[in-house]
Every structure is written in structure tokens, then in C-alpha cells.
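Next come the chains, spelled out residue by residue.
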Amino acid sequence: MVIPRTPVSPPSAAPSAMGVVLDLIEGIGRVPTGGMATVALDAANRIAALDLVVAWCASSGNEIVSVEGLTVTVRHGRSPDPLAQLDPAQVPGSRVWVYTNFDCNLACDYCCVRSSPKAERRAIGAERLQQIASEAAAAGVGELILTGGEPFLLNDLDALVNSCTDELPTTLLTNGMLFRGARLERLRRMDRSRLTLQVSVDSATPGIHDSHRGTGSWAKAVDGIRIAHDEGFRVKVAATLPADQMHELDPFHSFLDTIGISREDQVIRALAHRGVADSGIELTVDSLIPEVTITADGVYWHPVAADHDAQFVTRDIFPLADAIAEITRRFVAHRRAADSAAEWFPCA
Amino acid sequence: MTAPLVIGSVAYSPNVVPIWEGMRDYFAGTSTPIDFVMYSNYGRQVDALISGSLDLAWNTNLAWVRTVAQTDSACRALASRDTDLIFTTVFVARSGSGFTSLESLRGRRLVLGSRDSAQAAILPVHFLREAGLSEGDVNLTRIDSDVGKHGDTGRSELDALRAVLDDRADAAAIGINTWQAIGRGELLPGAFESFWTSPEYSHCTFTAMPSLEVERADPWVANLLAMDWENPQHRPILEMEGLQAWVPPRLEGYASLVKAVSEQGITARW
């Protein structure tokens, strides 16, 4: 014989759990937006109370900062969205950098990725680059930027570049010294309507430029700019300057004006302490807004550190959207951690 | 340079300072700059308004009604929050308590918030009276934990809810804002349920004395109403102050409180 069991309702945990929410509302009300309130959970109803705190925070626009044992710390309001604070052009994945090879005809003494004629070629390859371009376009990337070493050392560069410009506007970084013969013919086969060339020139006269990049390199770069213009390409000039020269830019801008570089295409950046550079500004994952960068070895945080293990993100280039999402996730986490540290260590 | 309008506000929350600094920054970019003064309670703020120390006072509904009473209706309401025009009082109890109407409170224990809270004390008694219940018909408990601030802190209403959870009362009367803050009973269905919601009434409003010229007041109101929820500079201020738009006041929405104050013999000044 089966004896039917009398259904017995368990004592409801709801009222005591709700008390935590009342404590929380009162605590949050005592601190300004951005401040923290802590509440203690009842050990007997810890899970129910924590679930309720989570639900209340989600519905009320507040944010759990930490749960340690029976103590929950909640921020009044949500922490600022680090992505919303960025210029749209800085949002990770708004553009994607690709290192096409790494070997170079020059051995600049500040090269951030140690490129040189002796550097081993690490080519991204036509197949991968085509997939990168295709997935980048699908992922909402607005621009591709190709850099070397010196990309014009690649015999299939025209096909590589065209696979990118078929998908997205593209910028190709070059020292501008190799525009002759077969390489000039490759340049001529590129899409002028979708491709911008970015040539490195570091000074208005040969001295400083050649001291970093080799004797005669300035004159060849300037001549390369003339050739590119003659071929109908838009040309940007990017200069890399030590911090102590960043205040003497007027003569340089005037020079670039004379060779037909529009002001919006005159890019001057500070020397980074990376690669073979023995000085320069320090760039870390914490201090750099990421720019998704792909090399033959995988995905890096930023093009300026594409051979530094500390800024290696993942070996998996594909799906590219996942790589972009991972960099975005890490950026948000870094910014939130930095904001949190600033809150805990006020200066005054 | 135009002299700033001086606005009084009661310090009911730590957010009041960032709210008013944000308002001051906003109005600095308009034709009607402002400055602000903080008061610890509405009584002192209304005194300052009437004495001429303030051009405007950001008043609760009770502070407005008291200002009207002290000035023989000479004061003016200039603007309110959108949320102020649709304020309600909610009667809540533990889920499953069986309350169905105000009448079902007869002989039961009702906990009220601070005695100067329109939403959690004065109007609830008025609504009971309208439902045919005198104070003797319901066992009333008052929790005066934020007197002076007219219930703005919400603390007395949270204390009232705790009293219900702790079985020191059967039901509580709270403002719709507190009911929303605890999730309207949807967050934890087993905890609270509402069983009666009042008709809508008006809550806070900017109050001016007749001495504030229309030529100064009207442009200020126009600038206030121009604050835009979609503007990222304005939105944090509006969010903290609990509105999406500033709107003209709805004076008929104060009628129930005027009647309640009269019925209950609440003095015009304290």
C-alpha cells in the first residue's frame, strides 16, 4: 500500500531575501552615483538572496562589483562603457592591420618589429589575406591597413592588395623606395580608387631620416612619393619622431605641403620603445587602445607590438569576428580594472 | 552679465550635488545662468523662498501646497518632471495576504512613512478617508525616519516595507517610485504584492514668488524644457533626477493633497 504524502510547502525564502534588496536600496541611496554600497546576505538564504540582488541590479541599473562570502558590493549606477568613451574610429575592429611579410630592404634603427633585410620572411599569404579581407568586411571593419616590413618585396603584392581593395578601402604602408621595374608595374595594377599609399618620411631634409633609415633613403622616399602621385595614388606621409622633436613640426609640415601631401594626410607619431628602438614612449596593453593586428603568427593587440609576446592575443585568426571580440573584451576588462584601481587609490 | 537665478534644493541624497552642478553647467551655456543653495529640509527652503533669499525652490508637493498657503496663492509653479504628473501611492502587503481593497484594511495594521511624506503618509490617510475608513478603523503605525525631507529619501518607505516583512504590520503605503525600486513585486513574486493604487497626483514643482519677473522666469523655463533625454550631456542629470523630460506643471494634480492637508489639520508652516 502506498501512503500518499501530504504536500508540505517549504518555508518561503522570499521575505528574508527581499530584506537584502531593501538594505541595498537604502545603501545605494546613501552614496552618489559611482559610489559603492555593501550588503550582507543571510547565510541561510544566501543563494536566493544573491539571485535577487543580481536581478535587482539588472533591473535597476546598478552593478555588482564583487561577491565575497556573504558580502556583496554594488556600484550605484553602472560603470561607464569604455567603448562609448572612444572616438568611433578607435573602437577595436573599426580597422584591421595586417603584417604582410616582416622582411624589409631597410634596417631602421627604431623599427618596432625588428624588420630588416636579415629578418626572416613571415608572409601572411594570399589565401589567408583574402579570407581576412572577406571576414573583415562581414564583421563591419571599415578599413584594412597593410604593412611589411616592406610589402613591395612580395612578388604577388598586386594580387594581395587587390584582394583587400575588392572588399574594403585599404592603406598600404611602404618606404616608397622600390617603385621601379616589375614592382612599379605591380603598383600600377592596384586600385587607385580604393588604395592609399602611406610612405615613411621622418624629416624635411635628408639628415634625420637617413640617420635612422640609411644613407640615400630620404631622396628615394621623396622620389617614390612623386612617382605614386604621378600614377594617380593618394599618398599619406607618416613620420616617426623622438618625443624631443615633436615640438618642431612646422618646417616639416611646410615641406610636406610642397610635395603635395595634404595636411590631413600628414601623420606624425612619436617613437615607441619597441622592437629595436632603444628609447621612446612605453606602450603596454594597459596604455594602448587596441588596433586589431594580424601577422602570420596570429593576432596581436596593436601593430606597434606585433612581435611582443606580452601583446599576443591568440593564434586563431579565424573567425576574425571572434578575434575582434576577444580584443574588445580584454580592452573593456583592462579599462574597468584601471577605473576600479583609480577609485581605490585616490590621489587626494 | 545676467545675474544667475538662485535655486533652492533640499539635500535628500548624495546625488543632489552632482545633479545641481550638472544643472548649473547646463544653464551656464544658456541665456539664464543659475546657482543653487542646499537646504537640509523643506521648511527652511520655503522660508528662504518667501523671504526673498531664493528666486526658485525645487519643492515637493507638500512644500508647494504649504507655499501656496503661506502666500495666499501668490506663488507660481513653473515646471515639473514628467514623472511628477503621474505620481501614485501604492498599498502593498506580503504576497497572499488576501487584501483586495482599502476596505479590506479595516481592523488591520497599516504602516505609513514619515508624517510629512505626501505619498507615504498624508495622502494614504486621505485615500482611506475617501474609502470610508477613519484612522480608528485601521491600526496605523508611522515610521518617521526622514521627517523634514517629505519622504524624498525613501528611507521611511523602506522601513515600512521592512515592518511588513517582519510582521510588525500587515500592509504599507508607499510611493510608486519606491514600488518601482523594489521591482513592483515582479522581482520576487513571493515577497510583496500591491492591492490598491491611488489616482495620479502631482509631485515636485519649481516654485517662484511673484517677485520673480516673467521676463526672467519664462526664458529660464524654456531653457529647462529644452533639456533633451537624447543629448548625452543632459541625460546623466535627467537620469539622476528621475525624469525623461521637464514639463509644465499640472496644478489640478495637487487638489487631493490640498484636501488632505485641510482634513488632517496639517499646518502651513512648522
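Residues numbered from 1 in each chain as written. Chains lettered and ligands numbered in written order. Predicted model: local features only at pLDDT ≥ 70, side-chain atom pairs only at ≥ 80, totals over all residues. Heavy atoms only, no water.

What follows is about the overall build of chain B. Across its full length, chain B carries nine helices and twelve strands. Relative to its length of 270 residues, chain B is compact, with a C-alpha radius of gyration of 19 Å against a globular reference of 18 Å. For chain B, the spread of C-alpha atoms along the three principal axes comes to 60 × 40 × 30 Å. For chain B, the proportion of its 270 residues judged to be buried stands at 53%. (Helix = DSSP H or I, 4+ residues; strand = E, 2+ residues; numbered from the N terminus. Rg over C-alpha atoms; globule rule 2.2 N^0.38 Å. Buried < 20%, exposed > 50% of the residue type's maximum accessible area, 1.4 Å probe, protein only.)

Scanning chain A from terminus to terminus reveals nine helices and twelve strands. Here chain A holds 348 residues, and 49% of them are scored as buried. Within chain A, contacts between residues separated by at least 24 positions form 65% of all contacts whose residues are at least 6 apart in sequence. Of the accessible surface of chain A, which amounts to about 16500 Å², a share of 55% is contributed by carbon and sulfur atoms. (Contact = heavy atoms within 4.5 Å. Areas by Shrake-Rupley, 256 points an atom, 1.4 Å probe, with all protein chains shown as cover.)

A separate point is the pairing of strand 6 (residues 170–174) of chain A. Residue and element names in this part refer to chain A. Counting buried positions along strand 6 yields five of five residues, so the element is predominantly enclosed. Burial along strand 6 is two-sided: T170, L172 and T174 and T171 and L173, pointing in opposite directions, are all buried. Sheet analysis places strand 5 (residues 143–147) next to strand 6, joined by three bridges and oriented parallel. Looking at the pairing, L146 lines up with L172 of strand 6. Handedness of the strand 5-helix 4 (residues 157–165)-strand 6 crossover: right-handed. Across five bridges, strand 6 lies against strand 7 (residues 195–200) in parallel orientation. Its bridge partner being in strand 7, T174 is matched across the sheet by V199. For the crossover that starts at strand 6, traverses helix 5 (residues 181–188) and ends in the parallel strand 7, the hand is right-handed. (Pairing = 2+ DSSP bridges. Right-handed = clockwise from strand over helix to strand, strands pointing away.)

This part covers the domain arrangement of chain A. By the assigned domains, chain A splits into domain 1 (14–75) and domain 2 (88–332). Using only C-alpha atoms to locate each centre, domain 1 of chain A and domain 2 of chain A end up separated by 49 Å. (Domains from an automatic or database assignment.)

Right, let's talk about the sheet that holds strand 1 (residues 36–40) of chain A for a bit. Residues and elements named next belong to chain A. Taken in spatial order, the three strands of this open sheet run 1-3-2, and their pairing is antiparallel. The sheet is open, and its two edges are formed by strand 1 and strand 2 (63–68), each paired on a single side. Across the sheet, the mean angle separating the axes of adjacent strands is 20 degrees when strand polarity is ignored. Pairing of strand 1 with strand 3 (residues 71–75), which is carried by five bridges, proceeds in the antiparallel orientation. Residue pairing for strand 3: M36 is matched across the bridge by R75. (Axes fitted to C-alpha atoms, helices over the stretch in contact; angles between N-to-C directions.)

On to the pairing of strand 5 of chain A. Residue and element names in this part refer to chain A. Across the five residues of strand 5, five count as buried, placing the element largely inside the fold. The two faces of strand 5 match: E143, I145 and T147 on one face and L144 and L146 on the other face are all buried. The pairing of strand 4 (residues 95–99) with strand 5 spans five bridges and is parallel. Residue pairing for strand 5: V98 is matched across the bridge by L146.

The subject of this paragraph is the environment of S198(B). Residues and elements named next belong to chain B. Tracing the backbone shows S198 in the loop between strand 10 (192–197) and strand 11 (205–208). Taking relative accessible area as the criterion, S198 reaches 5% and is therefore assigned buried. Here the alpha-carbon distance between S198 and G52, two residues 146 residues apart in the chain, equals 36 Å. The contact partners of S198, leaving out residues within four places of it in the chain, are T88, T89 and F127. One polar contact links the side chain of S198 to the main-chain amide nitrogen of T89, over a distance of 2.9 Å. (Polar contact = N/O pair within 3.5 Å; in protein donor to acceptor, adjacent residues only side chain to side chain.)

What follows covers the nonpolar core. Among the nonpolar cores identified, the biggest contains 79 residues, and M18(A), L105(B) and F192(B) are the most heavily contacted of them. In this view, F192(B) contacts M18(A), V92(B), A93(B), R94(B), S95(B), L161(B), V164(B), L165(B), W179(B), I182(B) and G185(B); residues no more than four positions away in its chain are not counted. By size, the runner-up hydrophobic cluster in this structure holds 69 residues, among which are A136(A), L144(A), V161(A) and V292(A). (Core = buried A, V, L, I, M, F, W, Y, C linked by side-chain atoms within 4.5 Å.)

This brings us to unusual backbone geometry. All names here are of chain A. Omega for the bond connecting G148 with G149 falls within 30 degrees of zero, at -20 degrees, which places this linkage in the cis form. When you line up the elements, G149 lands in the loop between strand 5 and helix 4. Cis geometry is found at the peptide bond from F318 to P319, where omega equals -5 degrees. Considering the arrangement of structural elements, one finds P319 in the loop between strand 12 (312–314) and helix 9 (320–344).

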